[in-house]
Amino acid sequence: MTTITTRTVEYLADGLTMIGHLALPAGADRRPAVLLGPEGTGLSDVERRRADALAELGYVALAFDLHGGRYLDDPEEMLARCLPLLADPDRMRDIGHAALDTLRAEPRTDPDRIAAVGYGTGGAIALELGRAGVDLRAIGTVNGLITGRPGEAARIRCPVWAGVGSEDPIMPPAQREAFTAEMQAAGVDWRLVVYGGALHAFHHPPVDHAALPGVGHHPRHAQRAWHDVVELLTECLTSAE
C-alpha cells in the first residue's frame, strides 16, 4: 500500500468554520487533485476513507465539509439545513469555492488538473461549480442530479458523469430526465449510469441511525460506482501523463 499523509484543514464557508480532510499521496511532486463532497448528512469517515483511497491512487484529495464539523444524523435536522441549501445555487457555489480554494492552496495540488466528485448534496455542489464556469477537468455526481438555473450548464467545460439508483425515490425518472435534458441542451459531454435495483445513497455503507425513506446500501453497485468514478478520474486527470 502506498504511504499517504492526511490532516484536517479548517476554512470558512457559509458562515461556518469548515473542517475538511486532506489526503496527500507519497512524494513531493505536484499531483492531480480531487474535491470530494459528502452526502447531506455531512463529512464522515466514509468520505475520509475515500479521500485516502484516492491519495493511494496518486491524487491529492480534499473531502470537504458541509456543516461546520457536524454530522447530521437526524434526518429532520439534515433536511432543514440541506433543502434550503439545495434551493440556493449561490450558497452551494460559495461552499464549493471555499473548499476548492483550500485544495488549490495545497502546494502538492496541480491547479490545472482538478476534478470535483460528490455524493448527494456534495454532488450538487460539484455541479454548481461547473455551472459557475470553474475550470475543472471532470465532474462526477452520485444521486445528486439537481438541475440548475436556465442556461448556466453551458458554462460547464468538462465531462460530467452521473450515477443514480433505478429505485431512488429522491431522484426519480422525472428528475433524471430533467437533468439529462439540461446537460444535452448545454452541449455538455455527459454520461448517466442507472444502477438497477439500487435506492438513494446506495453507495453508502449502512448507518446506525435513522435514515430517510428510500435510502439503502447496495454493495455490488457501490463497488461499481466507485470503479466508475475512478475510471472517470483516470480518463480526465491522468490519461495524458
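Because the structure is a prediction, the values reported are computed rather than measured.

Participant: An account of the overall build of the protein chain is needed here, citing residue identities and associated values.
Facilitator: Along its length, the protein chain carries six helices and eight strands. For 241 residues, the compact-globule formula gives about 18 Å, and the C-alpha radius of gyration of the protein chain, at 16 Å, lands near that figure. Overall size of the protein chain, expressed as C-alpha extent along the three principal axes, is 45 × 40 × 35 Å. Looking at the 241 residues of the protein chain, the share that counts as buried comes to 54%. Here the analysis covers contacts within the protein chain between residues at least 6 apart in sequence; of these, 69% occur between residues at least 24 apart. Of the roughly 10100 Å² of accessible surface on the protein chain, a fraction of 52% belongs to carbon and sulfur atoms.

Participant: Which residues make up the nonpolar core, and what are the values?
Facilitator: Note that soluble globular proteins tend to have their nonpolar side chains buried in a common cluster. By size, the foremost hydrophobic cluster in this structure holds 41 residues, and its most contacted members are Leu35, Phe64, Leu103, Leu136, Ile139, Ile156 and Val160. At six residues, helix 3 (residues 89–105) tops the list of elements feeding residues into this core. The next biggest cluster of nonpolar side chains, apart from the first, holds 25 residues, and it includes Trp161, Phe202, Leu232 and Leu237.

Participant: Please provide a residue-by-residue account of helix 2 (residues 75–86), values included.
Facilitator: Taking 1.5 Å of rise per residue, 12 residues should cover 16 Å, and helix 2 covers 15 Å from first to last C-alpha, within 8% of that figure. Restricting attention to buried positions, one finds in helix 2 the residues Pro75, Met78, Arg81, Cys82 and Leu85. With its buried residues spanning 140 degrees around the axis, helix 2 presents them on a single face. Summarising the geometry of helix 2, the exposed residues directed more than 90 degrees from the buried face are Glu76, Ala80 and Leu83. Elements in contact with the buried residues of helix 2: strand 2 (16–24), helix 3 and helix 4 (121–131).

Participant: Account for the side chain of Arg131, with residues named and values stated.
Facilitator: When you line up the elements, Arg131 lands in helix 4. Polar side-chain contacts of Arg131 include one of 2.9 Å to the side chain of Glu182. Excluding residues that lie within four positions of it along the chain, Arg131 makes contacts with Arg93, Ile146, Thr147, Gly148, Glu152, Ala153, Arg155, Ile156, Phe179, Glu182 and Met183.

Participant: Please set out the packing of aromatic side chains residue by residue, giving values where relevant.
Facilitator: On inspection of all chains with the given rule, the structure shows one aromatic pair. With 5.1 Å between their ring centres and 45 degrees between their planes, Tyr195 and Phe202 make a pair best called tilted. Both residues of the pair, Tyr195 and Phe202, count as buried. Between Arg50 and the ring centre of Tyr119, over which it is positioned, the NZ or CZ distance is 4.3 Å.

Participant: Could you give an account of unusual backbone geometry, naming the residues involved and the relevant values?
Facilitator: One can expect most non-glycine residues to show negative phi and most peptide bonds to be in trans. Phi angles above zero are rare outside glycine, and Asp14 is one such case at about 55 degrees. Mapped onto the elements, Asp14 comes out in the loop between strand 1 (5–13) and strand 2. A relative accessible area of 26% places Asp14 in the partly exposed class. Despite not being glycine, Ala201 has its phi angle at roughly 55 degrees, a positive value. The exposure class of Ala201 is buried, given its relative accessible area of 8%.

Conventions adopted
Residues numbered from 1 in each chain as written. Predicted model: local features only at pLDDT ≥ 70, side-chain atom pairs only at ≥ 80, totals over all residues. Heavy atoms only, no water. Helix = DSSP H or I, 4+ residues; strand = E, 2+ residues; numbered from the N terminus. Rg over C-alpha atoms; globule rule 2.2 N^0.38 Å. Buried < 20%, exposed > 50% of the residue type's maximum accessible area, 1.4 Å probe, protein only. Contact = heavy atoms within 4.5 Å. Areas by Shrake-Rupley, 256 points an atom, 1.4 Å probe, with all protein chains shown as cover. Core = buried A, V, L, I, M, F, W, Y, C linked by side-chain atoms within 4.5 Å. Expected span 1.5 Å × (residues − 1). Arc of directions from axis to C-beta. Polar contact = N/O pair within 3.5 Å; in protein donor to acceptor, adjacent residues only side chain to side chain. Phe/Tyr/Trp six-rings, centres within 6.5 Å; stacked < 30°, edge-to-face > 60°. Lys NZ or Arg CZ within 6 Å of the ring centre and 35° of its normal.

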